[in-house]
Amino acid sequence: MSLEKKDEFDHDAWLKRKDLTAVETAFLTTLIWMDKRLRIVDYLELLETLYYRINLQMPKSHTEQYDLDNKFWYWYPLYSLGSLSIIAYLVAAVSGALLGFYYSPSTAGAAAAGDPTAAWLSIEMIIKDIQFGFMLRSIHRWAAQFMVAAVFLHMLRVYFTGAYKEPREGNWILGVILILLTLLFGYSGYVLPWKQLSFWAAQIGVEMALATPIVGEWAAQLLFGGFTLGQATLVRMYIMHVFLLPFVVTALIALHVGIVWVQGIAEPH
Amino acid sequence: MTDQHTSTDPTGTDEQEPLTDGGTDGEARTDGGPPATIPPDDETPTWSERKERSQGLSRLTYEYFERARREDQDLRQESTYVERDVLGFPAWPHETIRNLAITSFFVGIIILVSATIPMYFENPANASSTPSIILPDWYLYWSFGLLKLNPINPGLAVLDGNLVFSHEFFGILGHGLIIGVIALVPFLNKGNARRPVEQPFWSAVGVMGALLSVTLAALAIQNFFPFELELLFTLVFILPFLGGVVTYAVLKTMREGYMYDLNKRYYRLRPPQ
Ligand code: HEM
């Protein structure tokens, strides 16, 4: 059997024959290019099967997907608080990633108590020397404030509309975990500049941990890297703030919203 | 092998059919006799036969799924719900544009606020000088306030008036209590009520909680208040309680008139059978 392609599979000729617009040509060319390499057609078919079999429908509209009734419109702004938390989270993530280029999590450089450390100096450099740095830090901090506020108000909205009742108990508990992680996000970020209040906020954290019987010392070591504050504390807060929490919180938010998608929004009646 | 093949050959002829690759069947069969693992068609159990034969947990799972499916079907058949063609605005363009507007508005506000109220940066950490006022960000004030509950930390007479918990641990227990109660809410408040008017008690509890988070925050920044700590401390608990009582009273009063309206509309939409 010849390996040469038969004419009916000559996609280029087919493209020419079709007399398409530029957009259509570009789209089809890309599709064909990708399909030759990755066989997307098969996956598209899988998706299609999913779509019909499992009755996973693309929403015709948000209101329809969540089965929102028209009599309900005046509550609607409160229902955007969850999304506003996500938006603020994204703003904080982008600005935080940019800040990360300049920040250094190090207490090096302080010869005497009260001397600036490398961490503090790097924030000072961001504020004073970097183009747009002052604004960047300001955006990052304000996005964090907005996120916490939105999450708190979102929780109040869920509470006062009774949206946590069966079958949404699990999502409420997931929400409680999310708000705690959000606060931890804020707290660990607060410590990073290693300014006076950062230090003393961390100090109070250590004292709280140490006042707890049984697990306290272990928790202090885990979170603060010891019983006295120093380089280890800063690095732990840093890893928590820029590595662990971003992954965990992003995954949990996806799960949280996924559950809302599956269960539908709780409409008061 | 060839013998076996010809003996089952339905046509009963010895002549071997040419195959598409030009050879004959006899030559092509190189990997041993007919497959032994696939039972003949009439012995293959159907899906439900297989499920019915299953044992233990998978059997229970199957039985429950069957029940659930039947329940679903019954409910669907009994339902008088009429599927409407259009329930809301279309995703494109209405909702997409609305969402883009909300998003850009919100991001715009964040940027505007960041530009106009920049964050203030302080001196480097100094482990040897405790600042007179230690504060976290505002959203942790409530937590910080909980650490200042020393005056109500119980001392037990049995222990000669000694504290049961250290002051710090008492505050930490406060955190645990608050978080625990919040997490338990769905299991304490059950039922179908959704709107605040339908559940005055739980709305009052909610108002109390929200106010408590504010008064505890006030306790955390007590140094900024002109009045005495004693008074502030009393207010921390009295104010939320008062707020709760007022909420309860207002909602109870609203309830009659409101429920009447609500029910009128509800029954117009879904008339009682
Ligand atoms: C990082 C924080 C959070 C994010 C990003 C988030 C996001 C969302 C979003 C987008 C929704 C869809 C409905 C809406 O926007 O109102 C939702 C619903 C919900 N959230 Fe959250 N949420 C967060 C925290 C919380 C918290 C703290 C709670 C409560 C303790 C909570 C409990 C719920 C529940 C029960 C629903 C379902 C509500 C319904 O069906 O009406 N979430 N969340």
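Everything numeric here is computed off the predicted structure, so don't read it as measured data.

(A) Summary view of the overall build of chain B. If you tally the helices and strands in chain B, you get nine helices and two strands. Buried positions account for 26% of the 273 residues belonging to chain B. In chain B, of all internal contacts separated by at least 6 residues, the share reaching a separation of at least 24 is 56%. Put simply, chain B shows about 19300 Å² of open surface, and 62% of that area lies on carbon and sulfur atoms.

(B) Highlighting the site of the ligand. Residues and elements named next belong to chain A. Close to the ligand lie 27 residues; Tyr79, His154, Arg157, His256 and Ala266 are nearest. Here His154 contributes a side-chain N or O atom positioned 2.8 Å from a nitrogen atom of the ligand. For the ligand, an oxygen atom lies 3.2 Å from a polar atom in the side chain of Arg168. Those elements that place two or more of their residues in the shell around the ligand are α5 (81-99), α7 (133-160), α8 (169-191) and α11 (231-263). No other element matches α8, which puts seven residues into the shell around the ligand.

(C) Representation of the pattern of salt bridges within the structure. The tally for this structure, following the rule as stated, stands at seven salt bridges over all chains. For Lys195 of chain A, the salt bridge is made with Glu122 of chain B, and the minimal N-O distance between the two is 3.6 Å. Of the two residues, Lys195 of chain A sits in the loop between α8 and α9 (196-211) while Glu122 of chain B sits in the loop between α5 (91-116) and α6 (141-146), which places them in two different chains. Just as Lys195 of chain A is buried, Glu122 of chain B falls in that class too.

(D) How the structure looks around the domain arrangement of chain A. The domain boundaries assigned to chain A delineate domain 1 (9-54) and domain 2 (74-263). One C-alpha centre belongs to domain 1 of chain A, the other to domain 2 of chain A, and the line joining them spans 44 Å.

(E) Quick look at the packing of α8 of chain A against α11 of chain A. Residue and element names in this part refer to chain A. Put simply, α8 and α11 touch, their axes get as near as 9 Å, and they point 155° apart. With respect to their mutual orientation, α8 and α11 come out roughly antiparallel. α8 and α11 meet at a crossing whose hand is left-handed. Of the residues that constitute the contact of α8 with α11, the class distribution is 20 nonpolar, six polar and no charged.

(F) Geometry of the layout of surface pockets. Each pocket or cavity is described by its volume, and for the second largest pocket that value is around 1200 Å³. Looking at the second largest pocket, it is lined by 38 residues, and the ones nearest its centre are Ile178, Ile182, Gly209, Leu212 and Ser213 of chain B. Put simply, the parts of the chain that give the lining of the second largest pocket at least two residues each are α7 and α8 of chain A together with α6, α7 (167-188), α8 (200-220) and α9 (229-269) of chain B. In terms of residue count, the dominant contributor to the lining of the second largest pocket is α8 of chain B (eleven residues).

(G) The arrangement of the environment of Pro213 of chain A in detail. Residue and element names in this part refer to chain A. Among the structural elements, Pro213 can be located in the loop between α9 and α10 (216-224). A relative accessible area of 41% means that Pro213 is categorised as partly exposed. As for Pro213 and Gly133, which are separated by 80 residues in sequence, their C-alpha atoms are 43 Å apart.

(H) Quick look at the interface of chain B and chain A. In this complex, chain B contributes 75 residues to the contact, which on the side of chain A involves 76 residues. Summing both sides of the interface, chain B and chain A together bury roughly 6700 Å²; the carbon and sulfur share of this comes to 67%. Three residues stand out in chain B for area buried against chain A, namely Met119, Phe121 and Arg194 of chain B, and they jointly supply 13% of the buried area on that side. Across the chain B-chain A interface, the total number found is two salt bridges. The salt bridge involving Arg141 of chain A is made with Asp137 of chain B; its shortest N-O contact spans 2.9 Å. If you look at where chain B meets chain A, you find 19 residue pairs in polar contact (both at pLDDT 80 or more). Looking at the side of chain B that touches chain A, the element that brings in the most residues is α5 of chain B, giving 13 residues. Considering only residue class, the side of chain B that touches chain A consists of 47 nonpolar, 17 polar and eleven charged.

(I) Local environment of the packing of α8 of chain A against α9 of chain A. All names here are of chain A. Two elements in contact, α8 and α9, have axes whose closest approach is 8 Å; the angle formed by their N-to-C orientations is 130°. In terms of their interaxial angle, α8 and α9 are classed as oblique. Together, Tyr187, Tyr190 and Val191 of α8 and Leu197, Ser198, Ala201, Ala202 and Gly205 of α9 make up the contact between the two elements. Of the residues assigned to the contact of α8 with α9, the class counts are six nonpolar, two polar and no charged.

(J) Examining the packing of aromatic side chains more closely. The final tally for this structure, using the stated rule, is 15 aromatic pairs over all chains. Taking 5.2 Å as the distance between ring centres and 20° as the angle between the ring planes, the aromatic pair formed by Trp120 of chain A and Phe121 of chain B counts as stacked. Taken together, the positions of Trp120 of chain A in helix α6 (residues 118-128) and Phe121 of chain B in the loop between α5 and α6 put the pair across two chains. Per residue, the accessibility class of Trp120 of chain A equals that of Phe121 of chain B, and both read buried. Considering the side-chain rings of Phe201 of chain B and Trp202 of chain B, the 5.5 Å spacing of their centres and the 85° angle between planes classify their relative orientation as edge-to-face. Exposure remark for Phe201 of chain B: the relative accessible area of 48% places this residue in the partly exposed category. Using a relative accessible area of 19% as the deciding quantity, one classes Trp202 of chain B as buried. Members of the aromatic cluster, joined through ring pairs, are Tyr159, Phe160, Tyr164 and Trp172 of chain A. Geometry around Trp33 of chain A places Arg37 of chain A over its ring, the cationic atom sitting 3.9 Å from the centre. For the cation-ring pair, Arg157 of chain A lies above Tyr79 of chain A, with the distance from its terminal atom to the ring centre recorded as 3.8 Å.

(K) Structural context of the side chain of Ser138 of chain A. Residue position: Ser138 of chain A is located in helix α7. Discounting residues that sit within four places of it in the chain, Ser138 of chain A has contacts with Ser114, Ile117, Pro118 and Met119 of chain B.

(L) Highlighting the UniProt feature "transmembrane region" (unreviewed entry) in chain B. Sites flagged by UniProt as "transmembrane region" (unreviewed entry) map to residues 100-121, 169-189, 201-225 and 231-251 of chain B. Taken end to end, residues 231-251 of chain B is 100% helix and 0% strand, and its two terminal C-alpha atoms sit 29 Å from one another.

(M) Main features of the side chain of Thr161 of chain A. Residue and element names in this part refer to chain A. With respect to the helices and strands, Thr161 occurs in the loop between α7 and α8. Owing to a relative accessible area of 2%, Thr161 belongs among the buried residues under this scheme. A distance of 2.7 Å separates a polar atom in the side chain of Thr161 from the backbone oxygen of Arg157.

(N) Quick peek at the coordination of the iron atom of the ligand. All names here are of chain A. Coordination of the iron atom of the ligand by the protein is provided by His154 (NE2) and His256 (NE2), with metal-donor distances spanning 2.0 to 2.1 Å. Around the iron atom of the ligand, the six donor atoms are arranged such that angles at the metal cover 85 to 179°; this shape is classified as octahedral. Residue His154 is found in helix α7, and its partner His256 is found in helix α11; the two are separated by 102 residues along the sequence. The class for His256 is buried, based on a relative accessible area of 15%.

Cut-off values and rules
- Residues numbered from 1 in each chain as written.
- Chains lettered and ligands numbered in written order.
- Predicted model: local features only at pLDDT ≥ 70, side-chain atom pairs only at ≥ 80, totals over all residues.
- Heavy atoms only, no water.
- Helix = DSSP H or I, 4+ residues; strand = E, 2+ residues; numbered from the N terminus.
- Buried < 20%, exposed > 50% of the residue type's maximum accessible area, 1.4 Å probe, protein only.
- Contact = heavy atoms within 4.5 Å.
- Areas by Shrake-Rupley, 256 points an atom, 1.4 Å probe, with all protein chains shown as cover.
- Near = heavy atom within 4 Å.
- Polar contact = N/O pair within 3.5 Å; in protein donor to acceptor, adjacent residues only side chain to side chain.
- Salt bridge = Lys/Arg side-chain N within 4 Å of Asp/Glu carboxyl O.
- Domains from an automatic or database assignment.
- Axes fitted to C-alpha atoms, helices over the stretch in contact; angles between N-to-C directions.
- Parallel < 35°, antiparallel > 145°, perpendicular 65-115°, else oblique.
- Left-handed = near helix turned anticlockwise from the far one by under 90°.
- Nonpolar A, V, L, I, M, F, W, Y, C, P; charged D, E, K, R; others polar.
- 1 Å grid on protein atoms, 1.4 Å probe; cavity = no way out; pocket = protein on both sides within 12 Å on 5 of 7 lines; lining within 4 Å.
- Points joined across faces, edges and corners; volume = space filled by probe spheres on them.
- Buried area = accessible area lost by both parts, 1.4 Å probe.
- Phe/Tyr/Trp six-rings, centres within 6.5 Å; stacked < 30°, edge-to-face > 60°.
- Lys NZ or Arg CZ within 6 Å of the ring centre and 35° of its normal.
- UniProt positions renumbered as here; feature names shortened; annotations may be inferred.
- Donors = N, O, S within 2.8 Å, 3.2 Å for Na, K, Ca; no water.
- Tetrahedral: all angles 85-135°; square planar, octahedral: opposite > 155°, others 65-115°.

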